[in-house]
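Here are the chains, one letter per residue:
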Amino acid sequence: MDPVKFGIVGCGSAAVFHVLPFKGKADAKLRFVAAHDIDEKSVTRFSKRYKLIPLHSLDELLHSDIDAVLLAVPHHLHAPLTKAAAEAGKHVLCEKPMATTLEDCDAMIAACKKNGVKLMVAENHRFLPAHRLIKETIERGLIGEVFLGRAYEGAFCPSQQFLDPDLWNFTLDKAGGGVVADQGCHKFATLNWFLGEVDSAQCWLGKAVNSPPNKGEDNAIILLRYKSGAMITVDVSSVTVHPLTNRLELHGTKGTILEDHSWEKPVQIFSSHKEAETKGQFYSPVVEHGVYPKYYTISARHEDTHFAECIIEDRPPEFTPEAAKEAVAVTLLAYLSAKKGAATKMDELRDIQKSKGTMSILDGLENVIQKNHEGMSWD
Ligand SMILES: NC(=O)c1ccc[n+]([C@@H]2O[C@H](COP(=O)([O-])OP(=O)(O)OC[C@H]3O[C@@H](n4cnc5c(N)ncnc54)[C@H](O)[C@@H]3O)[C@@H](O)[C@H]2O)c1
């Protein structure tokens, strides 16, 4: 079958790492053919650079000869644009996080089902070869039952994303919160895949940068208790001073996994299992990887190819919209816990969805963000 033809909505930073791995690859399962952005300059510049057809109206893109759309737009637009694309009969690959509320996630799933199109959230961490190796290692029983762990994602994002109140990034209304919504979602999608369902969470939110009140936290610690009993600390920050990286440490009854995306060999395993490749010391299996920013394009290539194959072969994506929704649920549970100042059960979040709606969790969140920046200097 011919490659799946994609149109891009939103020509910002995320769109670039989707397009790059397929540039000049005639044998790829997909082709990015057209692009649209509400910002005329962005679409013109982006389309020229990546040889796409620039389309200045969404309608024109959705009624063009494409099979699927990649949505790479601010988070509050994921739900309405998914609905519009589904109604136009286009499959939808939507950037993470799925949406800002559980209700929007449900609406996206319903719209795609109703219109018979596929929906996948572009959670690149689910397609990172290093993470697939960790999943396989856990499934092989090499570290036994996981009881303890910690996960970290940190990066110093461009400061205007925090300081400019008119940019959508990290805002409570357009991004659905700060770094927990933006980066925590990667951790939650990955940890849920490894460990199952979250039972409860406790979260603290902080601002190390004195950003405007419409911006959410730039630092957070979230303690997660999984239904399996595993206890995990998740630290996320958008203001730590080092190149972007992710780390993970998982301890089980038979061993330990260490991961750091800034290592050339990103995964180290220590296992007492009889089938372990090496015993008595950490070992690092060979896995496709490159330190930041390479792992972005590697994961995007696997992710987008997988979605294209699902369209060609008419099968459901491995990363289901329901799993993507669960990552949003953990974000909202963390925020609910920060507001309550107490460990909070997932059941309470489900009850809120049924009563006043999960949008209510973001109301007044700014008031519970600790102001770490007072007395600090970033000069
Ligand atoms: N997987 C990752 O690691 C990763 C990294 C960065 C961003 N992202 C995600 O990608 C998405 C976009 O983020 P970004 O960093 O590219 O943002 P960005 O601000 O760089 O780009 C967003 C683009 O969307 C355009 N836009 C806004 N409203 C629009 C509309 N109604 N119609 C069409 N275009 C519109 C903007 O003009 C802008 O060009 C977000 O969901 C973000 O979380 C994912």
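What you see is a predicted model; the values in this text were computed from it and never measured. (Residues numbered from 1 in each chain as written. Predicted model: local features only at pLDDT ≥ 70, side-chain atom pairs only at ≥ 80, totals over all residues. Heavy atoms only, no water.)

### Concerning helix α4 (residues 78–87)
Turning to α4, its buried residues number three or more, namely His-78, Ala-79, Leu-81, Thr-82, Ala-85 and Ala-86. On its buried face, α4 sits against β1 (4–9), α3 (58–62), β4 (68–71), β5 (91–95), α5 (102–114) and β6 (119–122). One or two steps after α4, the chain reaches Gly-89, where phi turns positive at roughly 80°. (Buried < 20%, exposed > 50% of the residue type's maximum accessible area, 1.4 Å probe, protein only. Helix = DSSP H or I, 4+ residues; strand = E, 2+ residues; numbered from the N terminus. Contact = heavy atoms within 4.5 Å.)

### Here's the deal with the sheet that holds strand β3 (residues 53–55)
Sheets are built from strands that pair by backbone hydrogen bonding, the pairs being arranged parallel or antiparallel. Read across the sheet, six strands follow the order β3-β2-β1-β4-β5-β6 without closing on themselves; strand pairing throughout is parallel. Every other strand in the sheet has two partners, leaving β3 and β6 as the edge strands with one partner each. Between one strand axis and the next, the sheet turns through 25° on average, direction left out of account. Pairing analysis gives six bridges linking β1 to strand β2 (residues 30–36), with the strands arranged parallel. Considered in β2, the bridge of Val-4 is made with Leu-30. (Pairing = 2+ DSSP bridges. Axes fitted to C-alpha atoms, helices over the stretch in contact; angles between N-to-C directions.)

### Notes on the site of the ligand
If you check the shell around the ligand, you find 24 residues, and the closest are Ser-13, Ala-14, Asp-37, His-75 and Lys-96. One of the backbone N or O atoms of Lys-96 is found 2.8 Å from an oxygen atom in the ligand. Against a free-state accessible area of 850 Å², the protein chains account for coverage of 83% of the ligand. Comparing atom positions with the cavity grids shows the ligand to sit within the largest pocket. Among the elements of the structure, α1 (13–19) and α8 (179–195) are those that each provide at least two residues to the shell around the ligand. Broken down by class, the residue content of the shell around the ligand amounts to eleven nonpolar, eight polar and five charged. (Near = heavy atom within 4 Å. Polar contact = N/O pair within 3.5 Å; in protein donor to acceptor, adjacent residues only side chain to side chain. Areas by Shrake-Rupley, 256 points an atom, 1.4 Å probe, with all protein chains shown as cover. 1 Å grid on protein atoms, 1.4 Å probe; cavity = no way out; pocket = protein on both sides within 12 Å on 5 of 7 lines; lining within 4 Å. Sits in = over half its atoms within 2 Å of the grid points. Nonpolar A, V, L, I, M, F, W, Y, C, P; charged D, E, K, R; others polar.)

### Describing the pairing of strand β11 (residues 245–252)
For β11, the tally of buried residues reaches six of eight residues, placing the bulk of the element in the interior. Taken together, the six bridges between β11 and strand β12 (residues 255–260) define a ladder with antiparallel strand orientation. In the sheet register, Gly-252 faces β12, and the bridge partner there is Gly-255. Turn length for the β11-β12 hairpin, with the two strands adjacent in sequence and antiparallel, is two residues.

### So, the packing of aromatic side chains
One pass over the full model with this rule turns up eleven aromatic pairs. Aromatic pair Phe-6 and Phe-32: ring centres 5.5 Å apart, planes at 50°, arrangement tilted. Pair noted here: Phe-6 is in strand β1 and Phe-32 is in strand β2, with a separation of 26 residues, a long-range link. Looking at Phe-32, the relative accessible area reads 10%, which means it is buried. With 4.9 Å between their ring centres and 55° between their planes, Phe-46 and Tyr-50 make a pair best called tilted. Taken together, the residues Phe-46 and Tyr-50, both in helix α2 (residues 40–50) and four residues apart, mark about one turn of the helix. Each member of the pair, Phe-46 together with Tyr-50, is buried. A connected cluster of aromatic rings, assembled from ring pairs, spans Phe-6, Phe-22, Phe-32 and Phe-307. (Phe/Tyr/Trp six-rings, centres within 6.5 Å; stacked < 30°, edge-to-face > 60°.)

### Description of the sheet that holds strand β7 (residues 146–154)
Strand order in the open sheet formed by eight strands is β13-β12-β11-β7-β10-β9-β8-β14, with mixed pairing between adjacent strands. The open sheet has two edge strands with one neighbour each: β13 (267–271) and β14 (344–345). Summarising the sheet, β7 and β11 pair through eight bridges and their orientation is antiparallel. Looking at β11, one finds that Tyr-152 is bridged to Arg-247. Its contacts with the sheet place helix α6 (residues 129–139) against β11, β12 and β13, and it is angled at close to 175° to β12. Against the sheet, α8 contacts β7, β8 (198–206), β9 (219–226), β10 (231–237) and β11, and its axis sits at roughly 150° relative to β10.

### Some details on α2
Note that an α-helix has 3.6 residues per turn; residues three or four places apart therefore point the same way. Turning to α2, its buried residues are Ser-42, Val-43, Phe-46, Ser-47 and Tyr-50. Mapping the buried residues of α2 onto a view down its axis gives an arc of 115°, with all of them on the same face. Along α2, exposed side chains directed more than 90 degrees from the buried face belong to Lys-41, Arg-45, Lys-48 and Arg-49. Tucked inside the fold, the buried residues of α2 contact β1, α1, β2 and β3. (Arc of directions from axis to C-beta.)

### Quick notes on the domain arrangement of the chain
Domain parsing of the chain yields domain 1 (4–122) and domain 2 (126–296 + 325–368). Using C-alpha coordinates to define each centre, domain 1 is positioned 25 Å away from domain 2. Taken together, the contact between domain 1 and domain 2 spans 15 residues of the former and 22 residues of the latter. Between domain 1 and domain 2, the buried area comes to about 1600 Å², and carbon and sulfur atoms account for 67% of it. Joining domain 1 to domain 2, the criterion identifies two salt bridges. Linking Lys-96 and Asp-182 is a salt bridge whose minimum nitrogen-to-oxygen distance equals 3.6 Å. (Domains from an automatic or database assignment. Buried area = accessible area lost by both parts, 1.4 Å probe. Salt bridge = Lys/Arg side-chain N within 4 Å of Asp/Glu carboxyl O.)

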